[in-house]
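Chain by chain, the residues run as shown.
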Amino acid sequence: MLLYIKVFNLNICCFVQGRDFRIRIVLPPDQQLKQAKHCHFIMPPFKDVFSLFLDSLQRLQQSADLVTFILELKTVLELRLRSLPGGCSIQPPQYYSQLISEMETLGWDRLIFIDTDFRTLKLKAEDSSARQHVLTVKLASKHPAEAPECSSDLPTSLAITWTPQSTLVQLHSQFLQVLDSLTEFWDILDEIDNKTWILEPEKPSRADTMRRIAIGNNVSIKVELDPRHPKMLPDCCLLGPEHVVTPLRAKLNANMHLWNPDSSVLLNLRDVLEIEFPSSATHEKSSFNIECGICYSYHLEAAIPDQVCNDPCCGQPFHQACLYEWLRALPSSRQSFSIVFGECPYCSKPITVKMAATKS
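Cut-offs and rules
- Residues numbered from 1 in each chain as written.
- Predicted model: local features only at pLDDT ≥ 70, side-chain atom pairs only at ≥ 80, totals over all residues.
- Heavy atoms only, no water.
- UniProt positions renumbered as here; feature names shortened; annotations may be inferred.
- Helix = DSSP H or I, 4+ residues; strand = E, 2+ residues; numbered from the N terminus.
- Buried < 20%, exposed > 50% of the residue type's maximum accessible area, 1.4 Å probe, protein only.
- Areas by Shrake-Rupley, 256 points an atom, 1.4 Å probe, with all protein chains shown as cover.
- Axes fitted to C-alpha atoms, helices over the stretch in contact; angles between N-to-C directions.
- Parallel < 35°, antiparallel > 145°, perpendicular 65-115°, else oblique.
- Contact = heavy atoms within 4.5 Å.
- Pairing = 2+ DSSP bridges.

- The name that an unreviewed UniProt entry assigns to the protein is E3 ubiquitin-protein ligase FANCL, with the source organism given as Gouania willdenowi.
- Recorded in UniProt for the protein, the comment headed Catalytic activity (unreviewed entry) runs: "S-ubiquitinyl-[E2 ubiquitin-conjugating enzyme]-L-cysteine + [acceptor protein]-L-lysine = [E2 ubiquitin-conjugating enzyme]-L-cysteine + N(6)-ubiquitinyl-[acceptor protein]-L-lysine."
- Looking at the Pathway (unreviewed entry) heading of the UniProt record, one finds this comment for the protein: "Protein modification; protein ubiquitination."

The structure is reproduced here in structure tokens:
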């Protein structure tokens, strides 16, 4: 194995297995290695070199002298080159140098992940309420001439403006602006999550716009917020026995004009429905997670028991799919289009269920 090393003003050129590695080291005035400020590859010639770049500064600072560092680096390079697949795609040197330059400007502390192809990055960002977010960036092979693919856990589409002169710094700045535009939406949902019992989604993401809020045993309200106008009256759907839901629905329709866009959504819901929502301070969540009376479980894939017997003395909940299959199997049941009419499995009082929607 041949190794040719030339050191000139701490710009190091390593020749390993017929490949040229150029490394730049920036030292302080006292030239102490452990005080080194930068150590990076100017021209990384293969995709897995990024992990070397991340390790190089730490390795340099821990080395007794520059020769020890170079010898150790030689060994690492040779091992990486031996494990390199023959048919892998290698970007031109300017691709890597451009990306490293952009990351140095943006700040390495914002980088969470980068794959071995040096193409997919995950950048972290914080909104004005200190919530953490992740921006996934898939760079084009002709970066920065072509726009990257960007995605994040957002309730709206992520529209990014990109030109051949754009950089990751500008991309990250646009992402922060999108986060700022959604801050009020997330503030409202955080208040609902913290002050009520949420039945669905069980583990909400930042992209979710719906909350199913517990009102009482087998009674809940499903609200769908508009991310662009989060303080406006959301779409509301009351779920539960008709003898409980009907009065609440009447209050919602009668008091809708009282909705105040300057107040929080939770406070408006309390005023319009004339109720107090159960919270962790007043109730245990287990009192709302009542299992299905047919399959005896709470979750059925993504569904929870939302079909409730309307008899006030019963009120047993069921999964829609469970109740539909149960009633359809009974000789006494009858079906009209997508609705099945039958008897409650618990109290034998009349109960109906719509056919579960099929997933396309």
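**Examining the overall build of the protein**
Reasoning step 1: Helix and strand counts for the protein come out as 8 helices and 17 strands.
Reasoning step 2: For the protein, with 360 residues in total, the buried portion stands at 42%.
Reasoning step 3: Within the structure as shown, the protein displays about 19300 Å² of accessible surface, and the carbon and sulfur contribution to it stands at 51%.

**As for the packing of helix α5 (residues 183-195) against helix α7 (residues 265-273)**
Reasoning step 1: Where α5 meets α7, the axes come as close as 8 Å, and the angle between the chain directions of the two elements is 60 degrees. The orientation of α5 with respect to α7, classified from their angle, is oblique. The residues of α7 that touch α5, namely those facing Ile-188, Glu-191, Ile-192 and Lys-195, are Val-265, Leu-266 and Arg-270.

**So, the sheet that holds strand β12 (residues 235-239)**
The strands that make up a sheet are held in pairs by hydrogen bonds between backbone atoms, and each pair lies either parallel or antiparallel.
Reasoning step 1: Taken in spatial order, the 4 strands line up as β9-β10-β11-β12 in an open sheet, and their pairing is antiparallel. Where the open sheet ends on each side, the last strands, each with one partner, are β9 (198-200) and β12. With direction set aside, neighbouring strand axes in the sheet form an average angle of 30 degrees.
Reasoning step 2: With 6 bridges connecting them, strand β10 (residues 210-216) and strand β11 (residues 219-224) associate as antiparallel partners. Bridge assignment links Ala-214 to a residue of β11, and that residue is Ser-220.
Reasoning step 3: Sheet contacts for α5: β9 and β10; angle to β10, the most-contacted strand, approximately 30 degrees.

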